[in-house]
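# Per-entry structural report
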Amino acid sequence: MADLQHFGYFFSRGFGPQAWGRSDWDWGHDWTKPDLYQQSVRALEQAGMDLVIAEDAISLGNPATLDLRIRQAYGGPKHDPLLLAPYLFAATSHIGIAPTVNAGITPPYLAARQFATLAHLSSERLGINVVTDVGSARHAGLPPLPHDQAYDRAEEWIGLLRRLWGSWGPSGYVGDPSDWSFANGDALDSFSHEGAYFRADGPLNALPLASDPIVVSPGGSGRGLAFAGTHSDVQLALAPLTAAAVADYRARVLGAAADAGRSAADLRILFVLKPVIASSADEADRLVAASRHPSDDALRAAAVAWSSDSETDLLALDLDAPIPLGTFGDHVSAGTVRGLVGDTPDAPLRELLTRKARLGRIATRDGFVGTADEFTDFIEELGSEADNDGIIFSGDLHPAQVYRMLGDLVPALRRRGLLRREYGDGGLRANLFDF
């Protein structure tokens, strides 16, 4: 029997128009109302997912790419996922919810108080997916920061949140009804913080928690991996999904953790996967064959998607020439650029987009189309050969997509002993660290 792994779901469109551009839209769900998300998250809890992570970007992007980002609802509109979280908690009992939070524009004291409140209301099932997006700063009247400096700010931010969460100490709350002594003010940490990026005073006006909320972080740069190794409970990992690449990525994150005095037991590294589940190997082969020679429309669709993700108008570039140096601004993450160009930055744009439009077979490890059993083989291989902690599935938070992706995969994973059949107690931290 294989070892259990951890699984979650990343709804990659965020709190936006789920299923837009696909026939699933005709199910008639209203993406602005909670019912759609509650139905979906109940299915994910039944499936044994540890947590759901909600993507977010507060900005529609720079003026030059607004149309690219909203034309097909790739970059917006999006509502605030933190305000969706209570509806998801109300519909479930065990699964964790981790909305995305921008560490650059969310004031630390307000953030600490809101997160502590939601953690209490949810029996400590709250997580926060901490991002350092610098393109949104102008909406809050703040200057943008270079990539590494944005991580410096995020480190000060999370450190301040943790001090605020701990500002009641072990003896601040008394709760003794015999003499109506609720709290001991002398035990509280009335600190004054004045750092490079933030000023805030403690203590926090919220009761302490048994443990801090779970911190999730993405980011594949050296600085991003160092942040994860030092501060995160979950690293949301993007890498080529081969055993060798997964093992190498894990080694870098765990090396950063060791430098910070932490160990592999202190965090979970979960790799993002968007499977295309076929009913048979023959169907999988047909899907892959049909994508071998993508049409101009397919290439254009790939260009629009990557233009939105990178906030860079790829449609204005020469398809038959390499992407010129300097095309991607400082606001574009190294991971996004690497995801498009790979290790061939001199390849013509047409070739790069063709690669993105083509599909591959999971059975031969050159793509993500396959049967549920083939994906189960693959996930088990990553666990046994790369000591992988688990997988984050990615897609819209829409019942049709959830069941299409996981309907056959969940039983296959459970038969193989890879996916939990029941939850323990203790909230999201227990989900992630009970094995």
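Let me sum up the structure you'll find in this document.

### Regarding the sheet that holds strand β2 (residues 51–54)
One closed barrel accounts for eight strands, arranged β1-β2-β3-β4-β9-β10-β11-β14; its pairing is parallel. Taking the axes of each pair of neighbouring strands and ignoring which way they run, one obtains an average angle of 25° across the sheet. Pairing geometry for strand β11 (residues 268–273) and strand β14 (residues 390–395), over four bridges, is parallel. Residue pairing for β14: Phe271 is matched across the bridge by Ile391.

### Thoughts on the packing of aromatic side chains
Summed over the entire model, instances satisfying the criterion amount to ten aromatic pairs. When the ring of Phe11 is compared with that of Tyr37, the centres are 6.1 Å apart and the planes differ by 40°; the resulting orientation is tilted. On the criterion of sequence distance, the pair formed by Phe11 in strand β1 (residues 6–11) and Tyr37 in helix α1 (residues 34–46) is long-range, its members being 26 residues apart. Owing to a relative accessible area of 1%, Phe11 belongs among the buried residues under this scheme. Using a relative accessible area of 0% as the deciding quantity, one classes Tyr37 as buried. Aromatic pair Trp20 and Trp25: ring centres 4.8 Å apart, planes at 85°, arrangement edge-to-face.

### Describing the packing of helix α5 (residues 147–165) against helix α6 (residues 222–231)
At a minimum axis separation of 10 Å, α5 and α6 run at an interaxial angle of 10°. The orientation of α5 with respect to α6, classified from their angle, is roughly parallel. Judged by the twist between their axes, the crossing of α5 over α6 is right-handed. Across the interface between the two elements, His147, Asp148, Tyr151, Asp152, Ala154, Glu155, Ile158 and Arg162 of α5 pack against Arg223, Gly224, Phe227 and His231 of α6. When the residues that make up the contact of α5 with α6 are grouped by side-chain class, the tally is four nonpolar, three polar and five charged.

Cut-offs applied
Residues numbered from 1 in each chain as written. Predicted model: local features only at pLDDT ≥ 70, side-chain atom pairs only at ≥ 80, totals over all residues. Heavy atoms only, no water. Pairing = 2+ DSSP bridges. Helix = DSSP H or I, 4+ residues; strand = E, 2+ residues; numbered from the N terminus. Axes fitted to C-alpha atoms, helices over the stretch in contact; angles between N-to-C directions. Phe/Tyr/Trp six-rings, centres within 6.5 Å; stacked < 30°, edge-to-face > 60°. Buried < 20%, exposed > 50% of the residue type's maximum accessible area, 1.4 Å probe, protein only. Parallel < 35°, antiparallel > 145°, perpendicular 65-115°, else oblique. Left-handed = near helix turned anticlockwise from the far one by under 90°. Contact = heavy atoms within 4.5 Å. Nonpolar A, V, L, I, M, F, W, Y, C, P; charged D, E, K, R; others polar.

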